[in-house]
Amino acid sequence: MKHHEGIRSYDHSASALAFPLGGVGTGNVSLGARGELRDWEIFNQPAKGASIPLTFFALRCQQAGQSPKIRVLEGPVQAPHTPSHGYHPMVSLAGLPRFKGTTFRGQYPFASIEFHDANMPVSVTLEAYTPLLPLNPEDSGIPCAILAYSVSNPSDDPVDLTVVGSLTNPVGNLVRDQFGNEARVEFGRPVNSYREDDDLRGMLLSNPELAADDIHHGSLALASDHSSVTYKRSWLRGEWWDYLHNFWDDLMDDGLLEDPAADAPGARIAAASLGLVDRLEAGESKTFRFFLTWHFPNRPATWDLRMLPGLGVDDRDVGIIRNHYATRFDEAWAVVRYTLANLPRLESTTRQFHDALFESTLPPIVLDAISANIVPARSTTCFWLEDGRFYGWEGCFDDAGCCAGSCTHVWSYAYTIAYLFPSLEREMRKIEFKVETADDGSMNFRTYGTFHESVISGVRAYAAVDGQMGSILRAYREWQLSGDSGFLAGIWEGVKRAIGFASAYWDTDNDHVLDAVQHNTYDIEFHGPNPLSSIYYLAALRAVEEMARAIGEADLSARCRAAFETGSNNLDAMLWNGGYYIQKLDDVDAQKYQHGEGCLSDQLLGQLHASLLGLGDLLPAEHVKTALKSIHEHNFKRDFSEHANCQRVYALNDEAGLLLCSWPHGGRPRLPFPYADEVWTGIEYQVAAHLIFEGWVDEGLEIVEALRARHDGIRRNPWNEVECGNHYARSMASWALLLALSGMQINADGGETTFAPAAGLVSEKAPFKVFWSDGRRWGVYSQTWDARSESWDTNVETLGTAS
């Protein structure tokens, strides 16, 4: 992985850092700053903090005439050291020698770690990734992690070495006793087998006693393409901690592992080890590559993962559905075979994407934000079913999905998946308009119909104004990105019903300013005219106008245009206060949870969508610019030490961030909407992108810098932006930064893509370079200033196309 200037690095003390490895719809295992594998979330269930016992990598090396040295390939265990019974060897291996320190760098989808230890005769680095190929969700959805340890011998003498990976078989639901002395599976009997397959050698961990339709059925593989291996299919159990003594002494002895016979006496532990054996001559370097793959095809056919038997409040039989990757692979070994057979293409395209993104001239903090928030698309927030349907929670609890149903009023902020994996977003629009939109045009803002559920955790789905308008805009976006008239035709009747419902239900006086009771992303109802709902509605009218024109319904297009013009004029006259747009209420306290005279940070969300999608100004341009500047001026706080927040806290102490609302001129309700005093990264990105689009580049970047500074690996995980759950979907609004800074626009009819970089980045006529994806192709756009002609020389390079 190339290290690009300005991208942050972290040392082993960054205990909050967890870099997820895994593909779209596969789950994850994460890599910590010390080099440890953590948060094993590959079993169709979020599982923050979950570990698998005796699962680690180690290095043994020996120079001629010298004693061997062994290190766990991790940095030092971090304080506080407060377990009630000390560190148990099965859980932590804390008592084994390890490297003195680490330096972690993450440029998603690649992570790298440098291991530091002056007492070792070799130097070691790790590169880890899961393939990510833009516009190719299939090959970006492989359930695997590739871990490549590069070892260099700077000495004048040869070094014999063994790099060993160990993994306990968890297939059948791994459980432990209260002391951590025993780890066993609840169901079936785990079996570890050694396999060789052409250039592939490794261990397959399975449980043949589990039926193919068992919820716990599955397998893992740990394999390598290294030519010389040693292995151990199981560990001696013995008593107390004999198992670890036996393994460590076996490795220390000669670097080769003793594999017990199947009928060897004594109890065994279902831990398997694979060692890669080699010699480094003086000055020589080699890379030792491991493939960690998994295959757990069955997930419960319900939104509520706490209904898995034995895990929650209800163990009813909900049935199972299969993950999409199960249509391609029948076990974890098949995943390894496919990955290795296609590795030149998978790796080279992933590196092309990485380099195209990180060699951009965009500010490093923007690249950091954009890349980090690709993670939710490949986290447990999302799942992808065998028939192609794609869904997401809002985010995840530590042990279950949080807020079910691809919530439209959250997901409508997100842009990342639309530009990297647009076919998946099209699946979401089909569900929204063909399944969840009723005959009257009301759209359930949570897709409960997927599993024929109507209530989840006591919550019933119904129409949300911002979510419904957002889905209309995203339908336009998906058509714009695909140019697929068949896709548009397939959802068109639902789109028409949805915009018709908005006009009939939320606009009681036909002035095209919404004024009825409006449920929204703040989990409450706004009453009366307000900017969030009505500006969103104006944007949706413009989108339907353009889609109707393209589909040949001129009358509907004209009616939408007329409604838009009327609504725009009325809203501006009604809600503009000279600095920003307000909610119009006679008594702000007549109903709880309003904002009234407050300056709402996402009041212009509809305008941002319209701007990025080429739909133009919804309101007077100067008012929009002034309102944006007011949002930054009033809502961005550079210190939270004096901020009183009785709600959830996402920014505190001396941190900086953007409040959801403020009342600079007074008029704060006695009980404002529930999240008013909070800081949400998705809305910070939305406002920052809009500021940049309108020319306030420094102000937009200040918000992004403050946001990412909070995620420093100590206080928060840089690859997990939390709101109502981990890997929160709204954080994928960060992709709008790339669109705003590059000025990329797409012509839906002809598919032409144009660029107009933000003036603040090219004002000095400096070269400009940026990654782009228009849903059909992806590549690099660049421009350089030609002093002779006093004009820009531009180049649009295509590196790949949709698969």
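Everything below is about the structure printed above this text.
Description of the structure in this document. Values in this document were obtained by computation on a predicted structure and should not be read as measured data.

### Points about the pattern of salt bridges
Evaluation of the coordinates by the stated rule reveals 54 salt bridges. Glu 386 serves as the salt-bridge partner of Arg 322, at 3.1 Å between the closest nitrogen and oxygen. Linking Arg 322 in strand 23 (residues 320-322) with Glu 386 in the loop between strand 24 (382-384) and strand 25 (390-392), this pair joins segments that are 64 residues apart in sequence. The closest approach of N and O atoms between Glu 432 and Arg 474, which form a salt bridge, is 3.4 Å. Of this pair, Glu 432 sits in helix 7 (residues 422-434) while Arg 474 sits in helix 8 (residues 465-482); the two residues are 42 residues apart in sequence, bridging distant segments of the chain. In terms of burial, Glu 432 and Arg 474 fall into one category: buried. Among the charged side chains, a salt-bridge network with shared partners connects Glu 425, Arg 429, Glu 432, Arg 474, Arg 477 and Glu 478.

### Describing the nonpolar core
Generally speaking, nonpolar side chains in soluble globular proteins are found buried as a group. In this structure, Ile 472 and Tyr 522 are the most contacted members of the largest nonpolar core, which totals 221 residues. Among the elements that make up this core, the one with the highest residue count is helix 10 (residues 531-551) (twelve residues). Apart from residues lying up to four places away in sequence, Ile 472 is in contact with Phe 433, Val 495, Ala 498, Ile 499, Ala 540, Ala 543, Val 544 and Met 547. Ranked by size, the runner-up nonpolar core spans 18 residues in total, among them Leu 54, Ile 70, Leu 96 and Ile 269.

### As for empty space enclosed by the protein
As enumerated under the stated definition, the model contains three cavities of 30 Å³ or more in all. Contributing to the lining of the largest cavity are 14 residues, with Gly 27, Asn 44, Arg 299, Thr 380 and Cys 382 lying nearest its centre. Looking at the lining of the largest cavity residue by residue, the class counts come to five nonpolar, seven polar and two charged.

### Considering the state of the cysteines
Per the stated rule, a full pass over the model turns up zero disulfides. Looking at the unpaired Cys 382, the closest cysteine sulfur is the one in Cys 396, lying at 8.4 Å. Assessed through its relative accessible area of 5%, Cys 382 is described here as buried.

### Quick word on the sheet that holds strand 38 (residues 768-773)
The strand order across the open sheet built from three strands is 38-39-40, with neighbouring strands paired in antiparallel fashion. Bordering the open sheet on either side are strand 38 and strand 40 (791-801), each of which pairs with just one other strand. The sheet shows a mean angle of 20° between the axes of neighbouring strands, taken without regard to direction. With six bridges connecting them, strand 38 and strand 39 (residues 777-786) associate as antiparallel partners. Pairing of Lys 769 across the sheet is with Ser 782, part of strand 39.

### Let's talk about the sheet that holds strand 4 (residues 37-41)
Strand order in the open sheet made by the three strands is 2-3-4, with antiparallel pairing throughout. Across the chains shown, the open sheet's two edge strands, defined by having one partner strand only, are strand 2 (18-21) and strand 4. Taken over all neighbouring pairs, the strand axes of this sheet differ in orientation by 25° on average, direction set aside. Direction of pairing for strand 2 relative to strand 3 (residues 28-32): antiparallel, over a ladder of four bridges. When the bridges of strand 3 are listed, Phe 19 appears paired with Leu 31.

Each value, and the rule that gives it
- Residues numbered from 1 in each chain as written.
- Predicted model: local features only at pLDDT ≥ 70, side-chain atom pairs only at ≥ 80, totals over all residues.
- Heavy atoms only, no water.
- Salt bridge = Lys/Arg side-chain N within 4 Å of Asp/Glu carboxyl O.
- Helix = DSSP H or I, 4+ residues; strand = E, 2+ residues; numbered from the N terminus.
- Buried < 20%, exposed > 50% of the residue type's maximum accessible area, 1.4 Å probe, protein only.
- Core = buried A, V, L, I, M, F, W, Y, C linked by side-chain atoms within 4.5 Å.
- Contact = heavy atoms within 4.5 Å.
- 1 Å grid on protein atoms, 1.4 Å probe; cavity = no way out; pocket = protein on both sides within 12 Å on 5 of 7 lines; lining within 4 Å.
- Points joined across faces, edges and corners; volume = space filled by probe spheres on them.
- Nonpolar A, V, L, I, M, F, W, Y, C, P; charged D, E, K, R; others polar.
- Disulfide = S-S within 2.5 Å.
- Pairing = 2+ DSSP bridges.
- Axes fitted to C-alpha atoms, helices over the stretch in contact; angles between N-to-C directions.

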